[in-house]
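What the coordinates show
One-letter residues, chain by chain:
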Amino acid sequence: MVERLLVGAGAGYSGDRIEAPIAVVRDLKASGERAAIIFETLGERTLALAQLRRRENPQLGYEPKLRPLLTPVLKDCVENKIAIVGNFGAGNPPAAAKLIAGLAAEQKVRARIGVVTGDDMLGPEGLEVLRAASNELPDDRALVSANAYLGAAPIVEALGEGADIVVTGRVADPALTLGPLIHAFGWAFDDWHRLGVGTMAGHLLECGAQVTGGYFADPGFKDVPEPENIGFPIANIERSGDFVIGKAQGGGLVDRRTVAEQLLYEVHDPAAYLTPDVTADIGNASIVEVGKDRVRVDGITGHQRPDTLKVTVCYDGGWLAEGEISYYGPNAIARAKLAAEVVRKRSPKNIRIRCDIIGVLSVLGDDGGTSFAGIDAFGEPTSDVRLRVAFAGDDKSLVERGLQEVEALYCAGPAAGGGIRLALRPRIAATSCFIPRSAVTPRVEIVEARP
Amino acid sequence: MIELELHALAHARTGDKGNRLNVSLIAYEPAIYPLLVKHVTETAVAMRFIHRRPSAVMRYELPKMHALNFVLDDVLDGGVTQALNLDSHGKTLSFHLLGLRIPVPEDLVKHARTNRGGN
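Residues numbered from 1 in each chain as written. Chains lettered and ligands numbered in written order. Predicted model: local features only at pLDDT ≥ 70, side-chain atom pairs only at ≥ 80, totals over all residues. Heavy atoms only, no water.

**Observations regarding the domain arrangement of chain A**
Residues and elements named next belong to chain A. Each domain of chain A was delimited in the assignment, giving domain 1 (4-120 + 147-312 + 438-449) and domain 2 (314-431). Here domain 1 and domain 2 have C-alpha centroids that lie 39 Å from each other. At the junction of the two partners, domain 1 supplies seven residues and domain 2 supplies four residues. In this assembly, domain 1 packs against domain 2 so that about 430 Å² is buried in total across both faces, 76% of it on carbon and sulfur atoms. On the domain 1 side of the interface with domain 2, the three residues burying the most area are Arg45, Ala48 and Thr312, jointly 71% of the side's total. (Domains from an automatic or database assignment. Contact = heavy atoms within 4.5 Å. Buried area = accessible area lost by both parts, 1.4 Å probe.)

**Section: the interface of chain A and chain B**
Counting residues at the interface gives 46 residues for chain A and 40 residues for chain B. Carbon and sulfur atoms supply 52% of the area that chain A and chain B bury against each other, a total of about 3800 Å² over both sides. By the criterion of area lost to chain B, the three top residues of chain A are Phe221(A), Leu264(A) and His268(A), representing 20% of everything that side buries. Joining chain A to chain B, the criterion identifies two salt bridges. Here Arg13(B) ties to Glu261(A) by a salt bridge, and the two come within 3.0 Å at their closest N and O atoms. Where chain A meets chain B, there are 21 residue pairs in polar contact (both at pLDDT 80 or more). Those elements that place two or more of their residues in the side of chain A that touches chain B are helix H10 (256-263), strand E11 (286-291), strand E14 (308-328), strand E15 (352-358), strand E16 (384-393) and strand E17 (418-436) of chain A. By residue number, the principal contributor to the side of chain A that touches chain B is H10(A), which donates six residues. Grouping the amino acids of the side of chain A that touches chain B by side-chain chemistry returns 23 nonpolar, eight polar and 15 charged. (Salt bridge = Lys/Arg side-chain N within 4 Å of Asp/Glu carboxyl O. Polar contact = N/O pair within 3.5 Å; in protein donor to acceptor, adjacent residues only side chain to side chain. Helix = DSSP H or I, 4+ residues; strand = E, 2+ residues; numbered from the N terminus. Nonpolar A, V, L, I, M, F, W, Y, C, P; charged D, E, K, R; others polar.)

**Describing the packing of helix H9 (residues 192-205) of chain A against H10(A)**
Residues and elements named next belong to chain A. Contact geometry for H9 and H10: axes closest at 9 Å, N-to-C directions at 105°. In terms of orientation, H9 and H10 fall into the roughly perpendicular class. Side by side, H9 and H10 meet where Met200, His203 and Leu204 of the first sit next to Val259, Gln262 and Leu263 of the second. Of the residues in the contact of H9 with H10, the class split is four nonpolar, two polar and no charged. (Axes fitted to C-alpha atoms, helices over the stretch in contact; angles between N-to-C directions. Parallel < 35°, antiparallel > 145°, perpendicular 65-115°, else oblique.)

**Focus: the pattern of salt bridges**
All names here are of chain A. Per the counting criterion, the structure on display carries 29 salt bridges over all chains. The shortest N-O distance in the salt bridge between Glu448 and Arg112 comes to 2.3 Å. Of this pair, Glu448 sits in strand E18 (residues 443-449) while Arg112 sits in strand E4 (residues 111-117), placing them 336 residues apart in sequence. Given the relative accessible area of 27%, Arg112 is considered partly exposed. One salt-bridge network, held together by shared partners, links Glu322, Arg354, Asp356, Arg388 and Arg425. (Buried < 20%, exposed > 50% of the residue type's maximum accessible area, 1.4 Å probe, protein only.)

In structure tokens, the structure reads:
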């Protein structure tokens, strides 16, 4: 019987550090314990962007960095029975599984891949459910993605069928951790206490370095060792539900402060953290340092899971444009403000416009970095300013028209404006609604990869 | 009694969900926690973020973590998918809360952090 499971985090978001999983897998392997590694790569809008890629090419729509993320660790994980669980399937888990199968073949390893689907609600039946749940959704034509947050159950099922790798689309982030825990320990799906604890262990892991000194350093107040090489977290979780958060070798740190910040990250009512699997409760949590870079969290529990599942619906959000121009030296702010006023007056009236003035040291600096090194000696930061104008609207041509007025500031704006940059991109809007559990059917399929 | 920025007494992190922001505020030392409870009220936080026009501010107390968790509604101009702000997540706003000054009795000043060699 397995008494403990180590769960490491290989990624905390889609843009996370590619090298991070290597140290995690090395440490999991060295521990000799039963282990899993999770990859959380889906933000609120990431899935919509994935759907757009899938529309262009039905073979795409999964995490774009999937290959570089898994290449250095796949063989090691499969050969050492370290389960890989990731939501890197994004908008197309079967295509991600195909890529992983190809990678396994290249690396000459035999692997079973569990593919979790059923989160996609964009089909006719799903849409009917969504329309019944919310009357604030846009036209079908504007919808880009609609995905229900699945819980741990399909991950447990895939692992139960011997999957070495589980690839999902939208699942609740902590479920990536809770799945391997339930599989390893056989926790019941109504063991609210343990599910609550396992969920919060997953919550601490799901943002990668955010619990090991990432997103934390405040020089002179909260210093982080080797901040350029932060070891990602590894949780040591017992069958009883007790757990200790540690980290892979490298820089960073795990202490009372890093764990407290991450425990409350994106939490509203601490006594009711809602997930598809459980209502987790950290209202009485306490944080205990048990060694260097080892922290235990006591007092977590859980209560009955919600009756509904959350669905994130993404739709066409029009266009966003941003233009910037710098002013330096005497009266710089006045010139930047005048430029803002001129752009506003020249731009179309029926788009949204926002102006900001940014600045410490930019245009006066040098490519070699000498001035950056002496940044404190440059006196009043407000003499090096940058006007930023943001435009948003549904009509691309109007937004572009506004942006063009930033470009025109070179010859037809205030004195000595420089360094114009312009960017225009489509925008994805998101909303959410809650649907009955019974409206969602998670599915698990096993793909065999043979060398 | 002297006035100090929360930055000297506590640390913080924000998270966003849609148009709702949460800001944790964690005392460096347990002895400071009652001071946070006393001075960093829902009203004080609503005033601190007045320019973002919160429609509601809720405070949750976590005495065993000597931490407070604030939930501010409708302060992100629609949030990451709508706002024109450079920081549409509101990620930088934890340090706006840490700029709030509160009165600190003389006997607790010893718990205040000062810059220890950083910039």
